[in-house]
Amino acid sequence: MWRGLATYGLVVRMWMRSTMAYRTSFVLTTLGNLAATALDFVTITLMFSHIDALGGFSLPEVALLYGTTSVSFGLADLLAGSLDTLGGRVRDGTFDTLLLRPAPVLAQAAADRFALRRFGRIIQGLAVLGWAVSRVDVRWTVPAAALLALTVLSGAAIFCAVFVAGAAFQFWAGDAAEIQNSVTYGGNTLLQYPPGLFARDLVRGVTFVVPLAFVNWLPVLHVLGRPYPLDLPPWADFLGAPVAVACCLLAGLAWRAGIRSYRSTGS
Amino acid sequence: MGGFYGAVAIRGFRRYATYRIATAAGIFTNTVFGLIISYSYIALWDQRPHLGGYSEAQALTYVWIGQALLAPTALMGGGFENELMERIRSGAIAVDLYRPADLQGWWLASDFGRAAFQLAGRGVLPIAAGSLVFDLALPADPVAWLLFAVAIGLGLTVSFAIRFLVGLSAFWLLDGAGVAQIVWIVALFFSGMLLPLNAFPGTLSAVAQALPWAAILQVPADVLLGRRHGAGALAALAVQAGWAAALLAAGRLLQAVATRRVVVQGG
């Protein structure tokens, strides 16, 4: 574990130094990243130019959902987003290089090509989140604020687990890497909207099968005092952290199974 | 010579047809995004029926047309422009310029081959999936489909012509990634991929519909949905053709200027 973190830190520092060699390019790509991720929120505000409430949620309330999932996803994308290029390394045989180094492979793969420009998404998400927190009709008590902070962190851990599980999947089907986009980017888009908009079966799927609902839907709806479309016990709203731990454990097992089945191209 | 460019197009088609698992993964992801966006549109049109002159069924059809055209029009990348920029940067472009083939014509043919495959491979199935879940407003009139096909062809040409200009920028910038990213964001927004341009508020809607990106998605969708029919449809196609011709001519001009200043490093 500690060796993994040390490796991760080492590789990340190396990529950061390499990024900072081209400062202008770094600033421009971070701004570009910020603008690209802001498009989703622009779409939502354009929708609200015609309406006062979407599925019964006001703009600040939707922005609270948007901000929480964006920061969580942004953190996960920064920390583990590089894993989605693993399929390419498996295909061209360069994954062998990682196996030969005397350091934990998952840490190396996650830190590979660490892209500091992904901070753009986090900054943009934080800006929307800050605006939403100040505008939304909620009394921000200490427990409510603590729940929100914990939610963002456990949400990031859940998305990290998805990235790791997706990488494990790529050991078997490297060409199908795009499927994981539907859970990562697709999940992020889904969680920006109130759950009441979606078909019940879809909500069940992201609650019980791929537990994305715990990233923000359940805790944020609790803070807003709104009912969740499924009939869940009230303590389910606070399950974000345990669900995140369980997801990470399962993703770790999937990663081990994946790496054991790895066969080099031999080139 | 038509036979030559036809051969290039067929090779472009085959090149992308090789990756069957990746295509299946892409269809899956397009379908998931189509579902998510559809539900958000249902909530919007529920509040504002006939927003932008669309019924709810038409708005949903618009979503799935967008998902079907996303890969063929390379609105989120994946087209030839990165390859062209890389050839300019590495100097391989000198070999291309020696070939007895026109640079723009070569890339147009190969990009059309790619788009033809992605229309067949990634366009048809998401629409079919969408029509299973939702009531779509797909016309029975063969004339509408014929006009739709022509509009798609013209839209692809406009998309190509813009990306060719982006690619040529590498002659001056060497690293065209920043330009590509800016154009990519602008195209995503002004093509109507995020929200139909007629559902934009007031002046922004008028401005967006007058820009060339409207030719990529908005016009083909309006022609199929019957929002433009008869003389109106022909006029819309004429505007598309005008943009296509103007942008291709601009590309030709820029190509002439660029090739006069090309300096290839020896080695």
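Scroll up to find the structure this text is about.
Residue indices follow the written sequence of each chain, beginning from 1 at its first position. Note on labels: chains are lettered from A, ligands numbered from 1, in written order. The model is predicted, so local features are restricted to residues of pLDDT at least 70 and side-chain atom pairs to those at 80 or more, both for listing and for counting; the totals for chains, interfaces and linings are taken over all residues.

Caption draft 1: Broad picture of the overall build of chain A. Secondary structure elements are taken from DSSP: a helix is a run of H or I of four residues or more, a strand is a run of E of two residues or more, and numbering for both begins at the N terminus. The number of helices and strands found in chain A is 12 helices and zero strands. Listing each helix as α and each strand as β along chain A from the N terminus yields α-α-α-α-α-α-α-α-α-α-α-α. Its C-alpha radius of gyration of 19 Å places chain A within 12% of the 18 Å reference for a compact globule of 267 residues. With the C-alpha coordinates aligned to their principal axes, the bounding extent of chain A is approximately 60 × 45 × 35 Å. Burial statistics for chain A: of 267 residues in total, 43% are counted as buried. Partitioning the contacts of chain A with sequence separation of at least 6, the portion at a separation of at least 24 is 85%. Here the globule rule is a power law, 2.2 Å times the number of residues to the power 0.38, and the radius of gyration is based on C-alpha atoms. To assign burial, the other C-beta atoms lying within 10 Å of each residue's own C-beta are counted, with C-beta atoms placed from the backbone; 20 or more indicates buried, 12 or fewer indicates exposed, and intermediate counts indicate partly exposed. By definition, residues are in contact whenever their C-beta atoms, placed on the basis of the backbone, come within 7 Å of each other.

Caption draft 2: Region of the structure containing the overall build of chain B. Secondary structure summary: chain B contains 12 helices and zero strands in total. Of the regular secondary structure in chain B, the N- to C-terminal order runs α-α-α-α-α-α-α-α-α-α-α-α. Of all 267 residues assigned to chain B, the portion counted as buried reaches 49%. Counting contacts in chain B only where the partners sit at least 6 residues apart, residues at least 24 apart contribute 80% of the total.

Caption draft 3: Broad picture of the environment of phenylalanine 119 of chain A. Residue and element names in this part refer to chain A. Turning to its location among the elements, phenylalanine 119 is positioned in helix α7 (residues 119-135). Between the C-alpha atoms of phenylalanine 119 and proline 194, which are 75 residues apart in sequence, the distance is 25 Å. Once residues lying within four places of it in the same chain are set aside, the contact partners of phenylalanine 119 are Thr30 and Leu78.

Caption draft 4: Structural detail: the interface of chain A and chain B. Listed as interface residues are 28 residues of chain A and, on the opposing side, 28 residues of chain B. The set of elements that each furnish at least two residues to the side of chain A that touches chain B consists of α2 (23-48) and α9 (179-191) of chain A. With eight residues, the single largest contributor to the side of chain A that touches chain B is α2 of chain A.

Caption draft 5: Spotlight on helix α2 (residues 20-47) of chain B. Here, expected helix span is obtained from the residue count minus one, scaled by 1.5 Å. Taking 1.5 Å of rise per residue, the 28 residues of α2 of chain B would be expected to cover 40 Å, and the 41 Å separating its terminal C-alpha atoms lies within 8% of that figure. Taking burial as the measure, the 28 residues of α2 of chain B include 21 buried ones, the bulk of the element.

Caption draft 6: Focus on unusual backbone geometry. Even without a glycine there, the phi angle at arginine 113 of chain A is positive, about 50°. At histidine 50 of chain B, a position not held by glycine, the phi torsion is positive, near 65°. With respect to the helices, strands and loops of the structure, histidine 50 of chain B is situated in the loop between α2 and α3 (56-70). Classification of histidine 50 of chain B as exposed rests on a count of 11 C-beta atoms within 10 Å.

Caption draft 7: A look at the nonpolar core. Only buried residues count toward a nonpolar core: Ala, Val, Leu, Ile, Met, Phe, Trp, Tyr and Cys, linked into one set through C-beta atoms within 7 Å. Within the largest apolar cluster, 152 residues are counted, with the highest numbers of intra-cluster contacts made by Ile158, Cys160 and Val164 of chain A. The dominant element in this core, judged by the number of residues it contributes, is helix α8 (residues 142-170) of chain A, at 14 residues. Formed by five residues, the second largest nonpolar core is a distinct cluster that contains Ala176, Ala177 and Ile179 of chain A together with Ala22 of chain B.

Caption draft 8: Examining the environment of valine 209 of chain A more closely. Tracing the backbone through its elements, the reader meets valine 209 of chain A in helix α10 (residues 200-209). Separated by 145 residues in sequence, valine 209 of chain A and leucine 64 of chain A place their C-alpha atoms 24 Å apart.

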